[in-house]
Amino acid sequence: MNALTLWFHRIGSPPTFHRIATAVQPWCYAIAFVLGIVGLYGGLVLAPRDYQQGDAYRIIFIHVPCAWMGLFAYAFMAVNAFVALVWRIKLSEVLAMASAPVGAAFTFITLVTGSLWGKPMWGTWWTWDARLTSELFLLFLYFGVIGLYHAIEDRRQAARAASFLALVGVVNLPIVHFSVNWWNTLHQGSTVRLLGPSKIDASMLWPLLLMAVATHLWFFGSVLARTRAGLVELDAGKDWVRTLALARAE
Amino acid sequence: MKPGSTSAACTALLRRDLVLVWRRRGDALTPLLFALIVVALFPLAIGAQADTLRHVAAGIVFVATLLAGLLALDTLFRGDYEDGSLEQLVLSPHPLSLLLACKIAVHWLTTALPLIAISPLLGELLYLDPALRTLLPLALLLTTPLLSLIGAVCVALTVGMQRSGMLLALLVLPLYVPVLIFGAGACNAAQMGLPFLAPLLWLAAGLVLALVLAPLACAAALRISIS
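Computed from a predicted model, the values in this text were never measured in an experiment. (Residues numbered from 1 in each chain as written. Chains lettered and ligands numbered in written order. Predicted model: local features only at pLDDT ≥ 70, side-chain atom pairs only at ≥ 80, totals over all residues.)

**Section: the overall build of chain A**
Point 1. In terms of regular secondary structure, chain A is built from eight helices and zero strands.
Point 2. Put simply, chain A runs from its N terminus to its C terminus through helices and strands in the order α-α-α-α-α-α-α-α.
Point 3. The C-alpha extent of chain A, read off along each of the three principal axes, is 60 × 40 × 35 Å.
Point 4. A total of 250 residues make up chain A; the buried ones form 41% of that total.
Point 5. Sequence separation of 24 or more characterises 76% of the internal contacts of chain A that already satisfy a separation of 6 or more. (Helix = DSSP H or I, 4+ residues; strand = E, 2+ residues; numbered from the N terminus. Buried ≥ 20, exposed ≤ 12 C-beta atoms within 10 Å, placed from the backbone. Contact = placed C-beta atoms within 7 Å.)

Listed below in structure tokens is the structure:
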């Protein structure tokens with residue numbers, strides 16, 4: 001077994017991962033908190049007013065990173081679900097199920113901030129626009145995964161069934177997006193691009209990117225916390241959990 | 001046909017499922033009654049003006065069919081799960097996806113086909129646009145197999161549960177969205193005099209894809225929930 005596979009197997013074992021997660025998680029939260037404060041200050045105070053939308057545009061510093069995170073969390077969940085189903089790695093099952101509620105929360109924040117922004121800009125809380133609708137159905141897919149996970153008694157079987165549903169959702173998500181796009185569109189196009197120049201001014205871009213990094217770190221901190229709890233619950237009664245509990249009790 | 005071959009197994013399964021439905025033909029009528037009642041509720045709720053109803057008729061018929069199909073989905077595996085024959089299917093040497101495809105086909109024939117047959121009646125109750133009289137059953141003919149195939153995957157995931165009704169709706173309905181958009185979209189486009197062939201072709205493409213992939217996914221899901 002070469003060094004890479006050995007490392008992979010070692011990190012995949014619950015006790016090792018639990019130890020690493022315990023060490024990494026506070027750092028994730030701390031850096032996310034600092035970056036978030038700086039990003040929010042840059043976005044809400046330093047960045048100039050928009051010539052068209054005034055101060056109302058400032059909600060994008062919350063809305064856009066959360067929207068990215070909603071999709072990122074789904075992708076993260078789907079990759080872990082795939083690994084869990086194909087290689088039957090227990091850790092991936094727990095990771096996939098840990099990211100579902102966090103992703104759902106980010107999607108929910110996206111919908112709420114979007115409708116808060118929509119009221120002054122479009123004059124309505126909600127429109128049946130393509131992006132809003134597919135975001136809504138993304139939230140429903142998350143709810144389906146979470147609901148299925150909690151409806152089955154056996155934790156590992158529940159995780160496998162919910163993982164399978166998450167993968168079905170991956171196939172479905174682009175189709176939903178495409179179909180509602182064809183059906184109705186009002187939302188503005190993307191202004192930030194990975195490749196090529198963005199259509200947003202640099203003074204507004206840096207707080208946005210900072211917020212994006214902060215939300216990613218917060219996501220990982222939150223997923224690690226949930227995974228730690230999930231691993232301890234799953235392995236309750238095993239030696240490493242018992243030593244952990246005894247060490248905590250002393 | 002050699003006894004013990006896969007085709008013999010499929011034929012036997014088809015015959016058995018059809019006989020089971022025939023012996024309980026009263027139950028097979030429930031989705032029809034449900035769709036009829038749902039459609040009848042709409043004029044009571046939004047008023048009986050012919051213009052308003054004609055405007056939304058195709059959409060209401062689609063949603064009523066979809067909901068009736070959702071209610072009927074639960075029966076796809078329930079009986080077989082309770083008497084243990086579903087486990088025998090999983091254990092049999094024949095490809096599980098093919099056997100499940102047979103079950104889904106019978107389920108579609110006995111629940112969705114009657115709904116398509118009464119869809120002109122449902123349309124007339126809502127003063128359906130005469131231009132849609134042939135298009136609506138045709139669109140339903142393309143949508144309902146898709147709904148059955150996608151639904152079967154989700155039912156397979158919830159098969160052992162006691163009260164799976166609400167959860168099943170939560171799992172299935174987000175997956176039904178594209179089908180509904182294209183099916184009802186074709187009818188709405190035709191009503192406005194726009195070209196309606198493109199969404200129907202998309203539906204047909206989706207149906208071909210689902211015919212191949214959904215039984216495989218259904219078999220994988222069933223293996224997860226019966227283990």
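**Considerations on the interface of chain A and chain B**
Point 1. The interface is formed by 20 residues belonging to chain A together with 19 residues belonging to chain B.
Point 2. Taken together, the elements giving at least two residues each to the side of chain A that touches chain B come down to α5 (130–151) and α6 (155–183) of chain A.
Point 3. Of all the elements, α6(A) adds the most residues to the side of chain A that touches chain B, at twelve residues.

**Focus on the nonpolar core**
Point 1. Counting 137 residues, the largest nonpolar core has A:L148, A:L165, B:A152, B:V153, B:A156 and B:C218 as the members making the most contacts within it.
Point 2. Sort the elements by how many residues they give to this core and helix α3 (residues 60–87) of chain A lands first, with 15 residues.
Point 3. Beyond its immediate chain neighbours, meaning those up to four positions away, B:C218 contacts B:S97, B:L100, B:A152, B:V153 and B:A156. (Core = buried A, V, L, I, M, F, W, Y, C linked by C-beta atoms within 7 Å.)

**Some points on the packing of helix α9 (residues 165–191) of chain B against helix α10 (residues 197–225) of chain B**
To characterise two packed helices, one gives the angle between the axes of the helices and the distance between these axes.
Residues and elements named next belong to chain B.
Point 1. Following both chains from N to C, one finds α9 and α10 inclined at 155°, their axes separated by 8 Å at the closest point. Classified by the interaxial angle, the pair formed by α9 and α10 is roughly antiparallel. Where α9 crosses over α10, the two elements pack in a sense that is left-handed. On the side of α9, the interface is formed by F182, G183, G185 and A186, while α10 contributes P199, L200, W202 and L203.
Point 2. For the contact of α9 with α10, the residue count by class is six nonpolar, two polar and no charged. (Axes fitted to C-alpha atoms, helices over the stretch in contact; angles between N-to-C directions. Parallel < 35°, antiparallel > 145°, perpendicular 65-115°, else oblique. Left-handed = near helix turned anticlockwise from the far one by under 90°. Nonpolar A, V, L, I, M, F, W, Y, C, P; charged D, E, K, R; others polar.)

**Observations regarding unusual backbone geometry**
Point 1. Despite not being glycine, A:R88 has its phi angle at roughly 55°, a positive value.
Point 2. Looking at the secondary structure, you find A:R88 in the loop between α3 and α4 (90–122).
Point 3. One non-glycine residue with positive phi stands out, namely B:Y127, at about 55°.
Point 4. Topologically, B:Y127 is positioned in the loop between α7 (96–125) and α8 (135–157).
Point 5. Taking the number of C-beta atoms within 10 Å as the measure of exposure, B:Y127 has 17 and is therefore partly exposed.

**As for helix α3 (residues 30–46) of chain B**
Residues and elements named next belong to chain B.
Point 1. In this model, α3 (17 residues) spans 25 Å end to end at C-alpha, consistent with the 24 Å of a helix rising 1.5 Å per residue.
Point 2. Buried within α3 are the following residues: P31, A35, V39 and F42. Relative to the axis of α3, the buried residues are bounded by an arc of 75° and lie together on one face. Relative to its buried face, α3 has exposed residues pointing more than 90 degrees away, namely L33, I37, L41 and L44.
Point 3. Buried residues in α3 make contact with α4 (50–73) and α7.
Point 4. Residue G47 follows α3 closely and has a positive phi angle near 95°. (Expected span 1.5 Å × (residues − 1). Arc of directions from axis to C-beta.)

**Observations regarding the environment of A:N181**
Residues and elements named next belong to chain A.
Point 1. Mapped onto the elements, N181 comes out in helix α6.
Point 2. Taking the C-beta count within 10 Å as the criterion, N181 has 15 such neighbours and is therefore assigned partly exposed.
Point 3. With 55 residues separating them along the chain, N181 and A236 place their C-alpha atoms 47 Å apart.

**Things to note about the confidence of the model for chain B**
Point 1. The pLDDT averaged across chain B works out to 90; a share of 100% of its residues lies at or above 70.
Point 2. For this predicted complex, the interface score ipTM comes out at 0.85, while the overall pTM is 0.87. (pLDDT = per-residue confidence, 0-100.)

**A look at α8(B)**
Point 1. Under the 1.5 Å per step criterion, the end-to-end length of α8(B) is 34 Å for 23 residues, consistent within 8% with the ideal 33 Å.
Point 2. In terms of burial, α8(B) is largely enclosed, as 19 of its 23 residues are buried.

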